[in-house]
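Descriptive analysis of the structure
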Amino acid sequence: MAATRTIRLQDIADLIGGEVQGDPDYRVSGLATLQSAGPGQLSFFANGRYLPQLRASQAGAVLVRAEHLDSVSQVAILVDDPYLAYARVSQLFDWRSELLPGVHPTAVLAADVQLDPGAEIGAQAVIGAGSVIAAGAFIGAHAVIGASCRIGENSRVEAGVVLYDSVTLGARCIVHSGAVLGADGFGFAPESGRWVKICQLGGVTVGDDVEIGAGTTIDRGALDDTFIGDGVKLDNQIQIAHNVHIGADTAIAGGTAVAGSTKIGERCTIAGLSGITGHLTIAAGTHITAMSLVSKSISQPGAYSSGTGLQPHQSWKRNVVRFKQLDELARRVAKLEQTIELNSIEGHKE
Amino acid sequence: MAATRTIRLQDIADLIGGEVQGDPDYRVSGLATLQSAGPGQLSFFANGRYLPQLRASQAGAVLVRAEHLDSVSQVAILVDDPYLAYARVSQLFDWRSELLPGVHPTAVLAADVQLDPGAEIGAQAVIGAGSVIAAGAFIGAHAVIGASCRIGENSRVEAGVVLYDSVTLGARCIVHSGAVLGADGFGFAPESGRWVKICQLGGVTVGDDVEIGAGTTIDRGALDDTFIGDGVKLDNQIQIAHNVHIGADTAIAGGTAVAGSTKIGERCTIAGLSGITGHLTIAAGTHITAMSLVSKSISQPGAYSSGTGLQPHQSWKRNVVRFKQLDELARRVAKLEQTIELNSIEGHKE
Amino acid sequence: MAATRTIRLQDIADLIGGEVQGDPDYRVSGLATLQSAGPGQLSFFANGRYLPQLRASQAGAVLVRAEHLDSVSQVAILVDDPYLAYARVSQLFDWRSELLPGVHPTAVLAADVQLDPGAEIGAQAVIGAGSVIAAGAFIGAHAVIGASCRIGENSRVEAGVVLYDSVTLGARCIVHSGAVLGADGFGFAPESGRWVKICQLGGVTVGDDVEIGAGTTIDRGALDDTFIGDGVKLDNQIQIAHNVHIGADTAIAGGTAVAGSTKIGERCTIAGLSGITGHLTIAAGTHITAMSLVSKSISQPGAYSSGTGLQPHQSWKRNVVRFKQLDELARRVAKLEQTIELNSIEGHKE
């Protein structure tokens, strides 16, 4: 834990390109919300709704925009984007320990693993034949790296992650515990009512600066690699099927499933528990709201949704019955319109 | 396996506060359904629909309410709540072995782990610096406990579970295999189309008597801890995002995802594959039906639902087309109403 | 990696019952799509839409139906079903290495494990008391097999899988990493607002030729076993609750959850992220489309769906408001129909 480390405000300001208002030698030991921060802690004001909390905050120092300086009674660092500044400062106080290069004596490495001496291999990790582990990489306890894998510089494979054979991870990635990369894609050919397995001969290629959440699964491609672009952020328990291609800087929230061979463009944001069916193309910059089903390609960026809103159960039940009759209801309305129109014409005729 | 153990009916009755009808020395070796139970097995009658099964049952003994005693031909234990009695009796026949206190020789413990001698540490478990393992705790094979964790008395961390640093588990918890507690919350600040990681500086605090299902993930908080209250029951493959707060005795079924900073009250029941978006407050005692999307706070307890009912695919397709035109349909109905009203007024004028 | 192996076309044709057109001694080193295949690679033409790609393909050889032979310029194998032929050929080029029978020195096996000498036990695998591992079985690195389990012939338990006690796996199964079989079903009896655990005394029985995807969880039964029939294919991150029964050759896609005691018939296909509530019976041959909620039993096979289609967010919001008023709208339409009918009758009376 880095919690006891303290840092000078001026050093923080230099890092984030901010300007200190007050004592540049004031030291902070950590970050906290406006409500819970106390002396020696740094907070941030990024959301206008929390102005009363800013005014009442006991924080030792705050990150604010210049326009809110008059609501601040403590030392401050003026920045253009306090939320971004908070993100950068958070990295100074991360819970992760410094890397301890070397191989834990209980780890099991194939004889021909190419291991940079600047990497750390944790207790009981297993690394298969021909894999390459770059400088600054961290392989957590119990992680299993298959054969012919590549782990890029400064990437972290957390405890218990499993990479099957032929998975390539770029630089500065984080793969969280419980994630599985390179399991077989779900491919079978039907034969007289039974299923014949299609062996999945591709691998998985993950770009640089990708974060993959706990329990997320990314299957190996059927013939070519499943591909995750640079800067992609995947939350927990996401399912990425074989042959999927995710464009750079797309972010996907927890529980979403993407079916086989779908191509998602760059800079998309896909909310949680959404489903995207197979063989689609999703335009760059598309936003999908929570629990939506995408079953057709999207060529125009924009926000898309499906589903119904939440209701008290009893009225919902009545509406669901009506939904099942909706086509019939629409036909009845069209007929009414015709009748009225007819009556009206006949009325005018009289 | 405890399947060969036999227990006197009177001992069972004493445990559950029931009254034996028949031979108190009758011994049972296990529990079974009314349909599959045979001599030497105990069954229970908790659902009125199964009265014919009760009458036909070959069970050696049954748990029943007094009012159904005339349908029983075997030894019986009279109880007020046979289902609750079954729950208590099931604990006498659990498949888990007795704890074998001690540390497996292949486990890897940091030098300063505070380990109670009454705890059991399984094969190849890994426990990080400064963690505290209380009496009666069980750490399964291959479980990874990070640094600065606390595992309360008689809690079980099953095989392969991963706890990151700074996760606190209360007493009498069960965390099932594949669960990951304390992975980074999904927090990023946007900067010119890319994402800057917000390090997640909080931990996870889990109360007493909590059960966490296989593959469930609970992320560490951004600044404060993610919090799971006493008696909470989480099924498999649930995703709990950073800063979420779940009130005591709430039960959530499999596949549900709760987004960041949402507060769920006490004694809620949330059915499977539901999605709860971020920064909401859900009233105590709320019930959410399966696959519902909760995207607004709920202040009144009650049952809530979203979605449409299941239909044959062809008629569903027609209704889905109409759903997309529903606002327009409603406007057409309003216009019809106006026209009719007008016709009616004009009719009266004539 | 088997990528450097080459195989004679005639040998492939003999395996799949096809007929070589051209040089039977032509050798191929792998499979690829029509677009990416080059000399020495075999491709296949299974989907009529890709006829231009077939004509332009640089593949060394192709699998085609006789009727498309005139579009082929390379060596070919004529088959009735090129997709099925591709499936069979893919198995010749699988990424998995040959089995290396024996036990890794870091594995931990209980003294009474019945281990066939033809099985391979990977690094740091753990196998509990009384378990039986058949010939040709593969237990991957870090897999944990509980007590009293049975692993059938030629089954693969990939790295990091956890089987609790009393899980039986048939022959030729594959269980992918992150899967957990036999964790406790989600069973609790309510008692004054709290939950009393119902210990789950059953196990899990899995038939032959079953594939279980990464991160999929199958809970042990409450009293009897949870049952997965022969030939069932489960994709990643599926949740199968206690007492569920899945009929032979049913295939379920990723992220689907099946609640307790539901019986799914044979040869069903259930698309991803679907939810099936508890205690239902689903007819053999049923097809459920993606993200559908099944909350009633299905007695007639056929295709079923729920949900609404995807729409631009703004128009969707308006339609969702109308959905909540749908029952009221339907009543208004009925009233309009009555009024028109009345007007019409009165009109005729005049």
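Residues numbered from 1 in each chain as written. Chains lettered and ligands numbered in written order. Predicted model: local features only at pLDDT ≥ 70, side-chain atom pairs only at ≥ 80, totals over all residues. Heavy atoms only, no water.

1. Observations regarding the overall build of chain A
Secondary structure assignment for chain A yields 5 helices and 40 strands. Scaling as 2.2 N^0.38, a compact globule of 350 residues should have a C-alpha radius of gyration of about 20 Å, whereas chain A reaches 27 Å, well beyond that. For chain A, the spread of C-alpha atoms along the three principal axes comes to 95 × 70 × 35 Å. Sequence-distant contacts in chain A: of pairs separated by 6 or more residues, those separated by 24 or more amount to 19%. Here chain A displays about 13,300 Å² of accessible surface, and carbon together with sulfur accounts for 51% of that area. (Helix = DSSP H or I, 4+ residues; strand = E, 2+ residues; numbered from the N terminus. Rg over C-alpha atoms; globule rule 2.2 N^0.38 Å. Contact = heavy atoms within 4.5 Å. Areas by Shrake-Rupley, 256 points an atom, 1.4 Å probe, with all protein chains shown as cover.)

2. As for the relation of the copies chain A and chain C
Overlaying chain A on chain C yields an RMSD of 0.0 Å, the required transformation being a rotation through 120° with an accompanying axial translation of 0.0 Å. This pairing of chains is accounted for by a three-fold axis. Taking the C-alpha atom as reference, chain A places A:Gly307 closest to the rotation axis, 3.4 Å from it. (Least-squares fit on C-alpha atoms with pLDDT ≥ 70 in both.)

3. Concerning the packing of aromatic side chains
Inspection of the entire model under this criterion finds 18 aromatic pairs over all chains. Ring centres 5.6 Å apart and planes at 70° place the aromatic pair A:Tyr164 and C:Trp95 in the edge-to-face group. Taken together, the positions of A:Tyr164 in the loop between β18 (162-163) and β19 (167-169) and C:Trp95 in the loop between α3 (82-90) and β8 (102-103) put the pair across two chains. Taking relative accessible area as the criterion, A:Tyr164 reaches 4% and is therefore assigned buried. Judged by its relative accessible area of 7%, C:Trp95 is buried. By way of ring pairs, the aromatic residues A:Phe44, A:Tyr83 and A:Tyr86 are connected into one cluster. In this arrangement the basic side chain of A:Arg220 is found over the ring face of C:Trp95, its NZ or CZ atom lying 4.5 Å from the centre. The aromatic ring of C:Phe138 is capped on one face by C:Arg156, whose charged end is 4.1 Å from the ring centroid. (Phe/Tyr/Trp six-rings, centres within 6.5 Å; stacked < 30°, edge-to-face > 60°. Buried < 20%, exposed > 50% of the residue type's maximum accessible area, 1.4 Å probe, protein only. Lys NZ or Arg CZ within 6 Å of the ring centre and 35° of its normal.)

4. Focus: the interface of chain A and chain B
Taken residue by residue, the interface counts 72 residues in chain A and 74 residues in chain B. Between chain A and chain B, the buried area comes to about 6,100 Å², and carbon and sulfur atoms account for 64% of it. Together, A:Trp95, A:Leu310 and A:Phe323 form the three largest contributors to the area buried by chain A at its contact with chain B, with a combined 12%. Our count for the contact surface shared by chain A and chain B stands at 8 salt bridges. Between A:Glu211 and B:Lys197 there is a salt bridge; the shortest N-O distance is 2.9 Å. Between the two partners, chain A and chain B, sit 32 residue pairs in polar contact (both at pLDDT 80 or more). For the side of chain A that touches chain B, the leading source of residues is helix α5 (residues 326-349) of chain A, giving 10 residues. Residue composition of the side of chain A that touches chain B, grouped by class: 34 nonpolar, 22 polar and 16 charged. (Buried area = accessible area lost by both parts, 1.4 Å probe. Salt bridge = Lys/Arg side-chain N within 4 Å of Asp/Glu carboxyl O. Polar contact = N/O pair within 3.5 Å; in protein donor to acceptor, adjacent residues only side chain to side chain. Nonpolar A, V, L, I, M, F, W, Y, C, P; charged D, E, K, R; others polar.)

5. Brief notes about the UniProt feature "active site" (unreviewed entry) in chain A
Residue and element names in this part refer to chain A. Per the UniProt record, "active site" (unreviewed entry) is annotated on His 242. Turning to its location among the elements, His 242 is positioned in the loop between β29 (239-240) and β30 (245-246). With sequence-adjacent residues up to four places away left out, His 242 is seen in contact with Gly 185, Phe 186, Gly 187, Gln 200, Asp 219, Arg 220, Gly 221, Ala 222, Thr 226, Gly 260 and Ser 261. (UniProt positions renumbered as here; feature names shortened; annotations may be inferred.)

6. Some thoughts on the interface of chain A and chain C
Facing the 75 residues of chain A at the interface are 72 residues of chain C. At the boundary of chain A with chain C, total buried surface from both sides reaches about 6,100 Å², with 65% on carbon and sulfur atoms. It is A:Phe186, A:Trp195 and A:Leu223 in chain A that bury the most area against chain C; as a group they hold 11% of the surface buried on that side. If you look at where chain A meets chain C, you find 8 salt bridges. Between C:Arg96 and A:Asp184 there is a salt bridge, with its nearest N and O atoms 2.4 Å apart. Taken together, chain A and chain C are joined by 32 residue pairs in polar contact (both at pLDDT 80 or more). Top contributing element to the side of chain A that touches chain C by residue count: α5(A), with 8 residues. Tallied by class, the residues present in the side of chain A that touches chain C amount to 37 nonpolar, 27 polar and 11 charged. Across 2 bridges, the pairing between strand β39 (residues 303-305) of chain A and strand β40 (residues 311-312) of chain C is antiparallel. Across the sheet, A:Ser305 pairs through a bridge with C:Gln311, a residue of β40(C). (Pairing = 2+ DSSP bridges.)

7. Overview of the pairing of strand β7 (residues 75-78) of chain A
Residues and elements named next belong to chain A. Because side chains alternate across β7, one face comprises the buried residues Val 75 and Ile 77, and the other comprises Ala 76 and Leu 78, equally buried. Summarising the sheet, strand β2 (residues 19-21) and β7 pair through 3 bridges and their orientation is antiparallel. Bridge pairing links Gln 21 to Ala 76 in β7. Across 4 bridges, strand β6 (residues 61-64) lies against β7 in parallel orientation.

8. Considering the side chain of A:Thr250
Residues and elements named next belong to chain A. Among the structural elements, Thr 250 can be located in the loop between β30 and β31 (251-252). In this structure the side chain of Thr 250 is engaged in a polar contact, spanning 3.2 Å, whose partner is the backbone nitrogen of Arg 267. Residues contacting Thr 250, with those up to four places away along its chain left out, are Gly 231, Val 232, Lys 233, Ile 264, Gly 265, Glu 266, Arg 267 and Cys 268.

9. Here's the deal with the pattern of salt bridges
Under the criterion given, the structure shown has 57 salt bridges over all chains. Its salt-bridge partner being A:Arg318, residue C:Asp327 comes within 3.6 Å of it at the nearest N-O pair. On the criterion of chain membership, the pair formed by C:Asp327 in helix α5 (residues 326-349) and A:Arg318 in helix α4 (residues 313-323) is interchain, its members lying in two chains. On the accessibility criterion, C:Asp327 (9% relative accessible area) is buried. Since its relative accessible area comes to 42%, A:Arg318 is described here as partly exposed. In this structure, A:Arg331 engages A:Asp327 in a salt bridge whose closest nitrogen and oxygen atoms are separated by 3.1 Å. On the criterion of helical spacing, the pair formed by A:Arg331 and A:Asp327 is a turn pair, its members being 4 residues apart in helix α5. When salt bridges with common partners are traced through the structure, they connect A:Asp94, A:Arg96, A:Arg156, A:Glu158, A:Glu211, B:Asp184 and B:Lys197 into a single cluster.

10. Notes on unusual backbone geometry
In this model, A:Ser148 sits at a positive phi of 60°, which is unusual for a non-glycine residue. Position of A:Ser148 among the secondary structure elements: in the loop between β15 (144-145) and β16 (150-151). Given the relative accessible area of 32%, A:Ser148 is considered partly exposed. Phi at C:Gln124 is positive, roughly 60°, even though this residue is not glycine. The topology assignment puts C:Gln124 in the loop between β11 (120-121) and β12 (126-127).

11. Observations concerning the sheet that holds strand β34 (residues 269-270) of chain A
The sheet built from 12 strands is open, its strands ordered β8(A)-β11(A)-β14(A)-β17(A)-β20(A)-β25(A)-β28(A)-β31(A)-β34(A)-β37(A)-β39(A)-β40(C) with mixed pairing. At either margin of the open sheet sits one strand with a lone partner, and together these are β8 (102-103) of chain A together with β40 of chain C. Pairing geometry for strand β28 (residues 233-234) of chain A and β31(A), over 2 bridges, is parallel. Note that in β31(A) the partner of A:Lys233 across the bridge is A:Ala251.

12. Some words on the sheet that holds strand β5 (residues 41-44) of chain B
Residue and element names in this part refer to chain B. Strand order in this open sheet of 5 strands is β2-β7-β6-β5-β4, and the pairing throughout is mixed. A strand with exactly one partner marks an edge of an open sheet, and here the two such strands are β2 (19-21) and β4 (30-31). Two elements, β4 and β5, share 2 bridges in a ladder whose sense is parallel. Directly across from Gly 30, in β5, lies its bridge partner Gln 41. Against the sheet, helix α1 (residues 9-16) engages β2, β5, β6 (61-64) and β7 (75-78), with an angle of about 15° to β7. Along the sheet, helix α3 (residues 82-90) makes contact with β4, β5 and β6, crossing β6 at roughly 130°. (Axes fitted to C-alpha atoms, helices over the stretch in contact; angles between N-to-C directions.)

13. So, the domain arrangement of chain A
In terms of domain boundaries, chain A breaks down into domain 1 (7-93) and domain 2 (313-343). Between the C-alpha centres of domain 1 of chain A and domain 2 of chain A the distance comes to 57 Å. (Domains from an automatic or database assignment.)

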